[in-house]
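As a plain string of letters, each chain reads:
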Amino acid sequence: MLVNQEYLLELIGRPETRFQIPVYQRVYAWTQRQCEELWADVLRAGGTGADHFIGTALYGLDDETPADGDIVLDLIDGQQRFTTVMLLLAALRDELAEDGAEGERGSAEGAEVVGADAPDPAQIDSTLLFAVDADGIAPKLTLSEVDQPTFRAILERTPLPEGDALSANLVRNYAFFKERLHAEGMGAAWRGLQRLLMIGAQLEEGDQPQAVFESLNARGVALSPADLIRNLLFVHFGYEEQKRLFQKYWEPIESMFPEAADMPDLYVDAALHAWLEEHAPDLTLQDASEIYTAFKAYLRAHPGLPLEELLCSLHSSCAAFAQRLSTPDAKRHLDWAQGKLTGLVSERKLFGD
């Protein structure tokens, strides 16, 4: 693994380099709370001139990247931070453009707000938000199929998608940064963005991305067992194969169950527990936090199992579970996923006493 300490804007701004979120990754999940924390860190760094460390980004060359094309890197860990910083950059670009328009109409404030080192809005576009590829101009970052239409509309300043196609977190966080830039000024924000320091870890052949990912995933919004299982399975495929398998097997799983507002992963956790009970009856799980480790134990015990066959089995099992949600057996698994006692606890535990 190649590990370098570098500034985030320098990493994003590498010429002819784009990042893409692997298909198996969860959607953009940061809320205003995380944006407020990032905003405070950026302003502090901009005010003091000191570097601010924002963690490690894990990425690797996409298996399907052509040898003579642009560099496309799969962003395995760092999606939330990268996306949020790019929303802040888009908001800064737009505030700069609007401030410049005000200056042309006679405002005396325009040229002084950011300082002499302020970027041109077109410079942010060309170096940090977009790259030129074989097909023309493309965003520096490609999100999931769910998030990308909204994200691209924000970057390109085109009409936002409507209804269920709109990714609300992206819109809200962009609006939050726009309002803060307008209210508190752009100078410290731009200076602070340039001081965001991180460790860039690029995978090499032979590295185990899931093992590294697990060790890095200690900040931000916690991953659910389903998130971790999805990552574990799909990381073995190239981007296009990920898309095929995700759309055929996993995406339907995520839409099979009703939403539980207080426990959004309740039904999937219960369905995965039912699958494990059928396929790995020797493993006794105490609560939902053990689902992922149990699933890894199952994979270790079946090293030759084709992953598409496993995905097919999970899809079929979850579909069957969704059809029997009102049965006592399904209720037993749902109670277990909620941490309710469903009977005598076995003395033989998966992970010791």
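Structure shown above.
Here's what I pulled together on the structure shown here. (Residues numbered from 1 in each chain as written. Predicted model: local features only at pLDDT ≥ 70, side-chain atom pairs only at ≥ 80, totals over all residues. Heavy atoms only, no water.)

What to know about the nonpolar core
- In this structure, Leu233, Trp250, Phe295 and Leu314 are the most contacted members of the largest nonpolar core, which totals 49 residues.
- Counting only elements with at least two residues in this core, the list comes to α9 (225-234), α10 (239-254), α11 (266-279), α12 (291-301), α13 (307-323) and α14 (328-337).
- Setting aside anything within four residues of it in sequence, one finds tryptophan 250 in contact with Ala226, Ile229, Arg230, Phe234, Leu245, Leu311 and Leu314.
- Formed by 47 residues, the second largest nonpolar core is a distinct cluster that contains Leu9, Ile21, Met86 and Ala90. (Core = buried A, V, L, I, M, F, W, Y, C linked by side-chain atoms within 4.5 Å. Buried < 20%, exposed > 50% of the residue type's maximum accessible area, 1.4 Å probe, protein only. Helix = DSSP H or I, 4+ residues; strand = E, 2+ residues; numbered from the N terminus. Contact = heavy atoms within 4.5 Å.)

Considering the pairing of strand β3 (residues 52-61)
- Among the ten residues of β3, seven are classified as buried, and the element is accordingly described as predominantly covered.
- Strand direction decides the pairing type here: β3 and strand β8 (residues 196-202), joined by six bridges, are parallel. Its bridge partner lying in β8, alanine 57 is registered against glycine 200.
- In terms of strand pairing, β3 meets strand β4 (residues 71-77) through four bridges, oriented antiparallel. (Pairing = 2+ DSSP bridges.)

A few points about the sheet that holds strand β2 (residues 17-20)
- Read from one edge to the other, the open sheet built from six strands follows the order β1-β8-β3-β4-β2-β7, with strand pairing classed as mixed. The open sheet has two edge strands with one neighbour each: β1 (2-7) and β7 (141-142).

Brief notes about the pattern of salt bridges
- Scanning all chains against the criterion turns up 23 salt bridges.
- For the salt bridge of aspartate 94 with arginine 93, the shortest nitrogen-to-oxygen distance reads 2.8 Å.
- Notably, a salt bridge pairs arginine 230 with aspartate 227, separated by 2.8 Å at the nearest N-O pair. Of this pair, arginine 230 and aspartate 227 are both found in helix α9, three residues apart, which corresponds to roughly one turn of the helix. Here the two residues arginine 230 and aspartate 227 agree in accessibility, since each one is buried.
- Bridged by salt links that share partners, the residues Arg93, Asp94, Asp125 and Arg157 form one connected network. (Salt bridge = Lys/Arg side-chain N within 4 Å of Asp/Glu carboxyl O.)

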